[in-house]
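Architecture at a glance
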Amino acid sequence: MAVALARPLISVHDEKAGRTGSVPLPAVFKAPIRPDIVNFVHHTISRNKRQPYAVNVQAGHQTSAESWGTGRAVARIPRVRGGGTHRSGQGAFGNMCRGGRMFAPTKTYRKWHTSTNVNQKRYAICSAIAASGVPALVMSKGHIINETPEFPLVVTDKVQEYEKTKQAIMFLKRLKIWTDVDKVYNSQRNRAGVGKMRNRRRVQRRGPLIIYDQDQGLSRAFRNIPGVETLSVHRLNVLKLAPGGHVGRFIIWTESAFKTLDKIYGTWRKESETKKGYNLPMSKMSNTDLGRLLKSEEIQKVIRAPNKKVERSRIKYNPLKNIRAMSKLNPYAIVLKRAAILKNRSINAAKSKGQEFDLKKLQTIRKQMIEKAKKAQGDKAKKGDAHVKAKLAKLDKRKTKKKEQGKKRAAEASKPKPKIPPSPSKKTKAVKK
């Protein structure tokens, strides 16, 4: 269960759906939920159920066959001996041959079982228990818990004394759990595939899991209700707590089983009483709300201001291929290119008319173009000079104005100021009276 969802006290319900007391929430429900570890452990443990299978050792080799060797323009695969039948001369033994053996025949001495680390198994069980206390995860697994009085659901130890299925059904109906069992009834169907012929004909959904401390007839009472399973708190198993490797099983706890969880798995402050030197796994982050963490004042003070200026990368053009880039580096390149184009035009025109190309004429045209370009550049420079001169003249005028204003101020400051007669004091006024 996430720390944010954890409640300090959980109500205990009796067989009539009434509240009889409350129990403190065990620390296991605050353990980190790790679906990846649960899935891995479930996969490795479920492999230990497998039974060895293999094909017959002699399969595909029960014919007398020998290769014909080279020189007959046929493949060197072993061929059936004899004659007079279709079978003689046919390929044998190989996995590509009809009636041959399979590739890499299966053996019974394959590694069928795997061992899982004890600490990993314990971590997976803690995660599965913690996930069973989160209603959202339980509902996502497909359990119907809309009408259950509280979550996680804890019931009195009287349930452990049930011996009749009639009592068990009444108990499930009074606590509004029967809707989840109804879902199991509705899901019963024939299995798809060959499993129908292998003693596993019917399939159904999973119902609630009842975890008890002492079995005083409880397992006999609930065993005939489809989907409902019972499990001892001292023998918790990932295969039942998280079937299919998915967390979020609907679990009903008896009061005594709920209380013993702290003794079995510890409480961070206190080690486990039954598992030597073991304590609950610590979560990597105390608060998993990253958005809230990043927006907190402590982090915002340290982080630099966002860089909103967007600097777009400019394309660097090749001047040998791009005339504009070349003209920036060498303005005369445009003149050269025009001259080359004119030369080609004149050559092509002469060829089309059947005349010889006049190089002198082209040279004169080129000289004229160069002179024209130089003149244009000169005019441009003159215009620029005139503009600069006008600017300089403006600046000179401003300077002279400022000098004149400065002189005026100095002259005004040097003039003597008129003396203001002092105002008559109180004593002089009194004497006159």
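Throughout this description, residue numbers start from 1 for each chain and increase along the sequence as written. The predicted nature of this model means local features are confined to residues of pLDDT at least 70 and side-chain atom pairs, given and counted, to a pLDDT of 80 or more, with totals for whole chains, interfaces and linings taken over all residues. For side-chain calculations, the full set of non-hydrogen atoms in the structure is used, while hydrogens and water are omitted.

1. Here we look at the overall build of the protein
What counts is decided by this rule: The secondary structure listing takes helices from DSSP runs of H or I that are at least 4 residues long and strands from runs of E that are at least 2 residues long, numbered from the N terminus. Here a residue-residue contact requires only that any non-hydrogen atoms of the pair lie within 4.5 Å.
The number of helices and strands found in the protein is 14 helices and ten strands. Projected onto the principal axes, the alpha-carbon positions of the protein cover approximately 135 × 125 × 45 Å. Long-range contacts, defined here as pairs at least 24 residues apart, represent 61% of the contacts in the protein between residues at least 6 apart.

2. Section: the packing of aromatic side chains
Formally: Pairing of aromatic side chains requires ring centres within 6.5 Å, counting the rings of Phe and Tyr and the six-membered ring of Trp. Pairs whose planes differ by under 30 degrees are stacked, by over 60 edge-to-face, and all others tilted. Relative accessibility thresholds used throughout: buried, under 20% of the residue-type maximum; exposed, over 50%; partly exposed, between the two (1.4 Å probe, protein chains only).
Within the structure shown, the criterion is met by eight aromatic pairs. Judged by centre distance (5.5 Å) and plane angle (45 degrees), the rings of Phe-29 and Phe-258 are tilted. Remark: Phe-258 occurs in helix H8 (residues 255-265) and Phe-29 occurs in the loop between strand S2 (19-24) and helix H1 (35-46); sequence separation between them is 229 residues. Classification of Phe-29 as buried rests on a relative accessible area of 0%.

3. Here's the deal with the sheet that holds strand S5 (residues 153-155)
Put simply, the test is: Pairs of strands are assigned from DSSP output, requiring at least two bridges between the strands. Between N-to-C directions, angles span 0 to 180 degrees; the directions come from axes that are lines fitted to C-alpha atoms, helices contributing only their stretch in contact.
The mixed open sheet is built from six strands, whose spatial order is S2-S1-S5-S10-S8-S9. Only two strands of the sheet have a single partner each, and these edge strands are S2 and strand S9 (229-232). Pairwise comparison of adjacent strand axes, ignoring direction, gives a mean angle of 35 degrees for this sheet. Of the pairings in the sheet, the one linking strand S1 (residues 9-13) to S2 comprises five bridges and is antiparallel in character. In the sheet register, His-13 faces S2, and the bridge partner there is Arg-19.

4. A short note on the side chain of Lys-275
Note the following rule: His is not counted here, nor are the chain ends, while Lys and Arg score as positive and Asp and Glu score as negative. Salt bridge criterion: a side-chain nitrogen from Lys or Arg within 4 Å of a carboxyl oxygen from Asp or Glu.
Looking at the secondary structure, you find Lys-275 in the loop between H8 and helix H9 (290-294). In this structure Lys-275 is buried but unpaired, with Glu-273 as the nearest side chain of opposite charge at 12 Å. In this structure, Lys-275 is in contact with Arg-122, Ile-264 and Tyr-265, ignoring residues within four places of it in sequence.

5. Examining a nonpolar patch on the surface
Applicable threshold: In this analysis, a patch consists of residues with relative accessible area above 30% that form no salt bridge, clustered at 9 Å for like charges and at 5 Å for the nonpolar side chains Val, Leu, Ile, Met, Phe, Trp and Tyr. To be clear on the numbers: accessible area is Shrake-Rupley with a 1.4 Å probe, and residue cover counts the displayed protein chains and nothing else.
A surface patch of nonpolar side chains, about 240 Å² in accessible area, is lined by Leu-294, Ile-299 and Ile-303. In this fold, Ile-299 is placed in helix H10 (residues 297-302).

6. Some points on the packing of helix H12 (residues 333-353) against helix H13 (residues 359-414)
Put simply, the rule is: Any angle that falls under 35 degrees is termed roughly parallel, while one over 145 is termed roughly antiparallel, one within 65 to 115 roughly perpendicular, and all others oblique. Two helices that cross are described as forming a left-handed crossing if the nearer one is turned anticlockwise from the farther one by less than a right angle, and a right-handed crossing if clockwise. We call Asp, Glu, Lys and Arg charged. Ala, Val, Leu, Ile, Met, Phe, Trp, Tyr, Cys and Pro are nonpolar, and the rest, Gly among them, are polar.
Two elements in contact, H12 and H13, have axes whose closest approach is 11 Å; the angle formed by their N-to-C orientations is 155 degrees. The angle between H12 and H13 falls in the class roughly antiparallel. Crossing angle aside, the handedness with which H12 passes H13 is right-handed. Two secondary-structure elements touch here, H12 through Val-335, Leu-336, Arg-338, Ala-339, Leu-342, Lys-343 and Ser-346 and H13 through Leu-362, Arg-366, Met-369, Ile-370 and Ala-373. Looking at the contact of H12 with H13, its residues break down into eight nonpolar, one polar and three charged.

7. Let's talk about the pattern of salt bridges
Using the criterion set out here, one finds seven salt bridges in the structure. Here Arg-34 and Asp-36 are joined by a salt bridge, their closest N and O atoms 2.9 Å apart. A residue is classified by how much of its surface remains accessible, and Arg-34, at 27% relative accessible area, is partly exposed. One salt bridge in this structure joins Glu-273 and Lys-270, with 3.3 Å as the shortest N-O distance. By relative accessible area, which is 51% here, Glu-273 ends up exposed. When salt bridges that share partners are traced, they join Arg-206, Glu-229 and Arg-249 into one network.

8. With respect to the environment of Ala-325
Tracing the chain through its elements places Ala-325 in helix H11 (residues 323-329). Look at Ala-325 and you get buried, because its relative accessible area is 18%. Sequence separation of Ala-325 and Arg-7 is 318 residues, and the distance between their C-alpha atoms is 72 Å. Apart from residues no more than four positions distant in its own chain, Ala-325 is found in contact with Tyr-317 and Pro-319.

9. So, the layout of surface pockets
The line we're drawing: Lining residues are defined by having an atom within 4 Å of a point belonging to a cavity or pocket. Those points lie on a 1 Å grid over the protein atoms alone, cavities being sets where a 1.4 Å probe fits but cannot get out and pockets being open sets with protein on both sides within 12 Å along at least five of seven lines. Grid points are joined across faces, edges and corners, and a volume is the space filled by probe spheres set on the points.
Size it by volume and the second largest pocket reaches roughly 330 Å³. It is H13 that provides the largest number of residues to the lining of the second largest pocket, a total of seven residues. A breakdown of the residues in the lining of the second largest pocket according to their chemical character gives eight nonpolar, one polar and three charged.

10. Some words on the confidence of the model for the protein
To keep things clear, this is the line we draw: Every residue gets a pLDDT, meaning the predictor's confidence in that residue, from 0 to 100.
In this model, the protein carries an average pLDDT of 89, and 94% of its residues clear a pLDDT of 70 or more. Mean pLDDT in the protein bottoms out at helix H14 (residues 426-432), which sits at 51, and peaks at strand S8 (residues 209-212), which reaches 97.

11. Describing the environment of Lys-196
The condition that has to hold: Side-chain atoms alone can form a polar contact between residues adjacent in sequence; in general such a contact is a pair of N or O atoms within 3.5 Å, and within protein one must be able to donate a hydrogen while the other accepts it.
Within the secondary structure, Lys-196 sits in the loop between strand S6 (189-190) and strand S7 (202-203). Owing to a relative accessible area of 29%, Lys-196 belongs among the partly exposed residues under this scheme. Spatially, the C-alpha atom of Lys-196 lies 100 Å from that of His-387, the residues being 191 residues apart in sequence. Apart from residues no more than four positions distant in its own chain, Lys-196 is found in contact with Asn-190, Arg-191 and Arg-201. Among the polar contacts made by the side chain of Lys-196, one reaches the main-chain carbonyl oxygen of Arg-191 at a distance of 3.1 Å.

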